[in-house]
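Per-entry structural report
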Amino acid sequence: MLNVSEMKKSLLVSIWFMFLTFPIMVIRVNPIEKIVEWRWGNMFLVGIGSFILSFIWRYFIRQKESGLKKVEMGEKIIPFFEKLRSGDSIYLRSLCMTLSCAAAVFPFVFSTYQTTIMTTVLMYVVLGLGLNIVVGLAGLLDLGYVAFYAVGAYSYALLNYHFGLGFWTVLPLGAVLGAFFGILLGFPVLRLRGDYLAIVTLGFGEIIRLVLENWNEFSFGPSGIANIPRPSFLGIQFSLQQATVYQYFLTIGLALCTIFVVNRLQDSRIGRAWIALREDETACQAMGVDKVRTKLRAFALGATWAGMVGVMFAAKTTFINPASFTFIESALILSIVVLGGMGSVPGVVIGACILILLPEYLRAFTEFRMLLFGAILVLMMVFRPQGIISNVRRTYELKGVPGRTLRD
Amino acid sequence: MLLRLDNVQTYYGNIQALKGIHIHISEGEIVTLIGANGAGKSTTLMSISGITPPREGKIFFMDREIHNLTPDAIVSLGISQVPEGRHIFPELTVMENLQMGAFLRTDSKETKDDLEYIFELFPILTQRRNQAGGTLSGGEQQMLAISRALMARPRLLLLDEPSLGLAPLVVKQIFEIIRKINFTHNTTVFLVEQNANLALQLADRGYVMENGNIVLEDSSGNLLSNDNVRKAYLGI
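These numbers were taken from a predicted model, which means no experiment stands behind them. (Residues numbered from 1 in each chain as written. Chains lettered and ligands numbered in written order. Predicted model: local features only at pLDDT ≥ 70, side-chain atom pairs only at ≥ 80, totals over all residues. Heavy atoms only, no water.)

**Quick word on the overall build of chain A**
Selection criterion: By definition, any uninterrupted DSSP run of H or I lasting at least four residues is a helix, any uninterrupted run of E lasting at least two residues is a strand, and each is numbered from the N terminus. Three exposure classes are used, based on accessible area relative to the maximum for each residue type with a 1.4 Å probe and protein chains only: buried under 20%, partly exposed in between, and exposed over 50%. Any two residues having at least one pair of non-hydrogen atoms within 4.5 Å are treated as being in contact. Accessible surface area values rest on a Shrake-Rupley calculation with a 1.4 Å probe, where residue burial reflects the displayed protein chains alone.
Helix and strand counts for chain A stand at 16 helices and two strands. Relative to its full complement of 408 residues, chain A shows a buried share of 43%. Taking contacts inside chain A between residues at least 6 apart in sequence as the whole, the part at least 24 apart equals 72%. Of the roughly 22200 Å² of accessible surface on chain A, a fraction of 69% belongs to carbon and sulfur atoms.

**Looking at the side chain of Gln81 of chain B**
Note the cut-off: N or O atoms within 3.5 Å of each other form a polar contact, as long as, within protein, one can give a hydrogen and the other can take it, and as long as residues adjacent in sequence are counted only when both atoms are side-chain atoms.
With respect to the element layout, Gln81 of chain B can be found in strand 6 (residues 79-82). Here the side chain of Gln81 of chain B touches Ser49 of chain B through a polar contact of 3.0 Å, side chain to side chain.

**Structural notes on the interface of chain B and chain A**
For clarity, the cut-off: Two parts placed together each lose some accessible area; with a 1.4 Å probe, that loss summed over both constitutes the buried area. Between Lys or Arg on one side and Asp or Glu on the other, a salt bridge is scored when a side-chain nitrogen of the former is within 4 Å of a carboxyl oxygen of the latter.
With 27 residues of chain B at the interface, the matching set in chain A holds 24 residues. Around 2500 Å² of area is buried between chain B and chain A when both sides are counted, 55% of it from carbon and sulfur atoms. The interface formed by chain B and chain A includes one salt bridge. Residue Arg272 of chain A pairs with Glu96 of chain B through a salt bridge whose shortest N-O separation is 3.5 Å.

**A word on the pairing of strand 1 (residues 27-30) of chain A**
All names here are of chain A. The condition is simple: Any two strands are treated as partners once DSSP identifies two or more bridges connecting them.
Bridge analysis of strand 1 against strand 2 (residues 35-38) gives four bridges, and the strand direction is antiparallel. Residue Arg28 lies in a different strand from strand 2, and its bridge partner there is Glu37. Hairpin connection of strand 1 to strand 2: four residues between the antiparallel strands, including Lys34 at a positive phi of 55 degrees.

**Things to note about the confidence of the model for chain B**
The following threshold applies: On a range of 0 to 100, pLDDT expresses the predictor's confidence in each residue.
Confidence in the prediction of chain B, expressed as mean pLDDT, is 89, and 100% of residues score 70 or more. We note a pTM of 0.81 for the whole complex and an ipTM of 0.84 for its interfaces.

**Remarks on the sheet that holds strand 10 (residues 213-219) of chain B**
Strands pair in a sheet through their backbones, by hydrogen bonds, and they do so in one of two ways: parallel or antiparallel. Residues and elements named next belong to chain B. Here is the rule: For helices, the fitted axis covers only the stretch in contact; all axes are lines through C-alpha atoms, and the angles between them, taken along N-to-C directions, range from 0 to 180 degrees.
The six strands lie next to each other as 6-7-8-3-9-10, forming an open sheet whose pairing is mixed. Across the chains shown, the open sheet's two edge strands, defined by having one partner strand only, are strand 6 and strand 10. Going across the sheet, the axis of each strand differs from the next one's by a mean of 15 degrees, ignoring polarity. Where strand 7 (residues 156-160) lies against strand 8 (residues 188-193), five bridges are found, and the strand directions are parallel. Paired with Asp160 across the two strands is Val192, which belongs to strand 8. Against the sheet, helix 6 (residues 138-150) contacts strand 6 and strand 7, and its axis sits at roughly 170 degrees relative to strand 6. Packed onto the sheet, helix 7 (residues 168-185) meets strand 3 (30-35), strand 7 and strand 8 and runs at close to 155 degrees relative to strand 8.

**Here's the deal with the sheet that holds strand 5 (residues 64-65) of chain B**
Residues and elements named next belong to chain B. As summarised here, the arrangement of the four strands in space is 2-1-4-5, forming an open sheet in which the pairing is antiparallel. Every interior strand has two partners, whereas the edge strands, strand 2 (15-25) and strand 5, have only one. Both strand 1 (residues 3-12) and strand 4 (residues 56-61) contribute to a ladder of five bridges, which runs antiparallel. Within strand 4, the residue paired with Gln9 across the bridge is Glu56. Along the sheet, helix 1 (residues 41-49) contacts strand 1, strand 2 and strand 4; its crossing angle with strand 1, the most-contacted strand, is approximately 110 degrees.

**Description of the side chain of Thr201 of chain A**
Residues and elements named next belong to chain A. Here Thr201 shows up in helix 8 (residues 194-214). A distance of 2.8 Å separates a polar atom in the side chain of Thr201 from the backbone oxygen of Ala198. Leave out the neighbours within four places in its chain, and Thr201 touches Leu141, Asp142, Leu143, Gly144 and Leu185.

**So, the pairing of strand 10 of chain B**
With six bridges connecting them, strand 9 (residues 205-210) of chain B and strand 10 of chain B associate as antiparallel partners. Across the sheet, the residue bridging to Val208 of chain B is Leu216 of chain B, located in strand 10 of chain B.

**Section: the packing of helix 5 (residues 112-137) of chain A against helix 13 (residues 291-317) of chain A**
Residue and element names in this part refer to chain A. Operational definition: Any angle from 65 to 115 degrees is called roughly perpendicular, while one under 35 is roughly parallel, one over 145 is roughly antiparallel, and all others are oblique. By definition, any crossing whose near helix is turned counterclockwise from its far helix by less than a right angle is left-handed, and any crossing with a clockwise turn is right-handed. Three classes are used: nonpolar for Ala, Val, Leu, Ile, Met, Phe, Trp, Tyr, Cys and Pro, charged for Asp, Glu, Lys and Arg, and polar for all others, with Gly counted as polar.
Packing of helix 5 against helix 13 leaves a shortest axis separation of 7 Å and a crossing angle of 165 degrees. Viewed along their axes, helix 5 and helix 13 adopt a mutual orientation that is roughly antiparallel. The two elements helix 5 and helix 13 cross, and the hand of that crossing is left-handed. Of helix 13, the residues touching helix 5 (which contributes Thr116, Thr119, Thr120, Met123, Val126, Leu127, Gly130, Ile133 and Val134) are Ala298, Phe299, Leu301, Gly302, Trp305, Ala306, Val309, Met312, Phe313 and Lys316. Split by residue class, the contact of helix 5 with helix 13 holds 13 nonpolar, five polar and one charged.

**As for the pattern of salt bridges**
Residue and element names in this part refer to chain B. Applying the stated criterion across every chain, the model contains 20 salt bridges over all chains. For Asp113, the salt bridge is made with Lys109, and the minimal N-O distance between the two is 3.3 Å. A residue pair is termed a helical-turn pair when its members lie 3 or 4 positions apart in one helix, as Asp113 and Lys109 do in helix 4 (residues 108-121) at four residues. Of the residues examined, Lys109 reaches a relative accessible area of 57% and is grouped as exposed.

**Some points on the state of the cysteines**
All names here are of chain A. Inclusion rule: Two cysteine sulfurs form what is called a disulfide whenever their separation falls within 2.5 Å.
Following the criterion strictly, the structure yields zero disulfides over all chains and no others. Cys101 supplies the cysteine sulfur nearest to Cys96, a cysteine that is in no disulfide, at a spacing of 11 Å. With no disulfide partner, Cys257 has as its closest neighbouring cysteine sulfur the one in Cys96, 17 Å distant. Since its relative accessible area comes to 36%, Cys257 is described here as partly exposed.

**What to know about the packing of aromatic side chains**
Aromatic rings considered in pairs are described by the distance between their centres and by the relative angle of their planes. For clarity, the threshold we go by: Classification of ring pairs rests on two measures: the distance between centres of Phe, Tyr or Trp rings, Trp counted by its six-membered ring, which must be within 6.5 Å, and the angle between planes, read as stacked under 30 degrees, edge-to-face over 60 and tilted in between. A ring has a charge above it when a Lys NZ or an Arg CZ is no more than 6 Å from the ring centre and no more than 35 degrees off the ring normal.
Within this structure, the stated rule accounts for 21 aromatic pairs over all chains. Taken together, the ring pairs in this structure connect Phe106, Phe108, Phe110, Tyr248 and Phe249 of chain A into an aromatic cluster. Across from the ring centre of Phe55 of chain A, 5.3 Å away, lies the NZ or CZ of Arg58 of chain A, which sits over that ring. Here Arg148 of chain B stacks its cationic end above the ring of Phe89 of chain B, 4.9 Å away from the centre of that ring.

Below, the structure is given as structure tokens:
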């Protein structure tokens, strides 16, 4: 293990890192006293640190490779999650029970702050699942997904401002408007694929944001819309704390509903058509799949969820402005889908938890927050490029009948 | 008359690939279209199936105009295509690939019967049915592509170069099965091939294509003994 070539490799890595971090870690210009500080100690630390880390890095790479080799040799490595799903359902059931109990008591045990964070996580779960339909299932790379989120949020804010419509009226309206804008985006990009599609959708997202930012008469511009009412329950007025809890449960409801629908969609005829479309467009057409309608459905159904979450978001923050709907937001949602595992529902849920909770709880290390965030993403892509939970489609096997399998 | 192409002209942008071709196919026939690379054979099939619709001319299927229809509507009328280069879904299993073939069908009972029939026709697919399509060998993929097209229970089967990149033995096997399909189900087959010799041995009639035009049309026997065809396509 500790042979010369390994040492040499690590030494080179540490020298390289010392060189790379030299300008920021060693040199410090003090403009008040007009002197340059040379912090050679830092360089030493970086060297030692990267030397040790490179050993750990290579160890994990080796682990991963030996794992791959085992798979090639025919050994089947069942991921933890698969074990849970296929194996003893008692485990799965107890896990579900624990999770649902935890979710139910969470707002009563923890502070309002924690509840708000959890609500945000759940919102991103729904957003991730919505985008998962477009990106994961249908394979259409959409970089402007946040536009539909904005459509939902602004439809609630504006309809409430002008017509006094309540949360429950606008929630379905937001979904419909989201779907409508989804189709609106879908039509011009029907013929595009891959990179080109990504660019156009990116542009679409920016268009929506810029319109909201600049069309003052319509959207009140960058100053946004304030005093958006929180969701009501049979006309009862809640205190802030109660409203937070209420919203938390609403979001759980929406998330569960989304998970259910997306799961059903995946196994449905249209879900199969999406997957086939992702794999091979020509063959899909030869099979009689209506390409236009299938793609538009993906865009519309994906955008529906964003519209609904948009309404929820507006009701939660009670203030929205275009700054909440920048490209970074789209990128974050896309990262959730990619990190979690494209096309996999539990993957998206876990992805959302990691990507939203991590920056929240790393607030203590504010300076290094983005650094750690980035590092975790890079590590993920190296060690689990398929996402945390890669999508395994369901197969139904008829036991006892040799040589025959049925699939629904 | 099952299929009739009347003065069909198809373009890719400004480039004319088909320069007004006439083809007719009767029910139950095996008809082949042979020609060199880039003659427009695949374009002819794509025009029929509506993936690259013709700009001029008319296509009739069972006396119905189909050149204005979308690809899915054409499939639903009973025309199934095996695209060139097989185009199976690599990450779907063999079973799922076959189910995609029956995408437009709603008669689940008969679909299951057809599945049985296909597994009889290609026993190898039975063994492979839970394997991802991309992991099959070339010959198996071709068999899968043909089976998938058959799952739509077509009246007319369009085959685009089923021999492409396959070992001679496998090609022979596949051609055997095409004959079998035609014989047992009376499925009309329109076969596009570069392997003119094999195609003409299988087919009842043949068309020869050059530069977007049909230059010859005759029974297979006559084409096989035609001097020009022998020189140009059979290498004799």
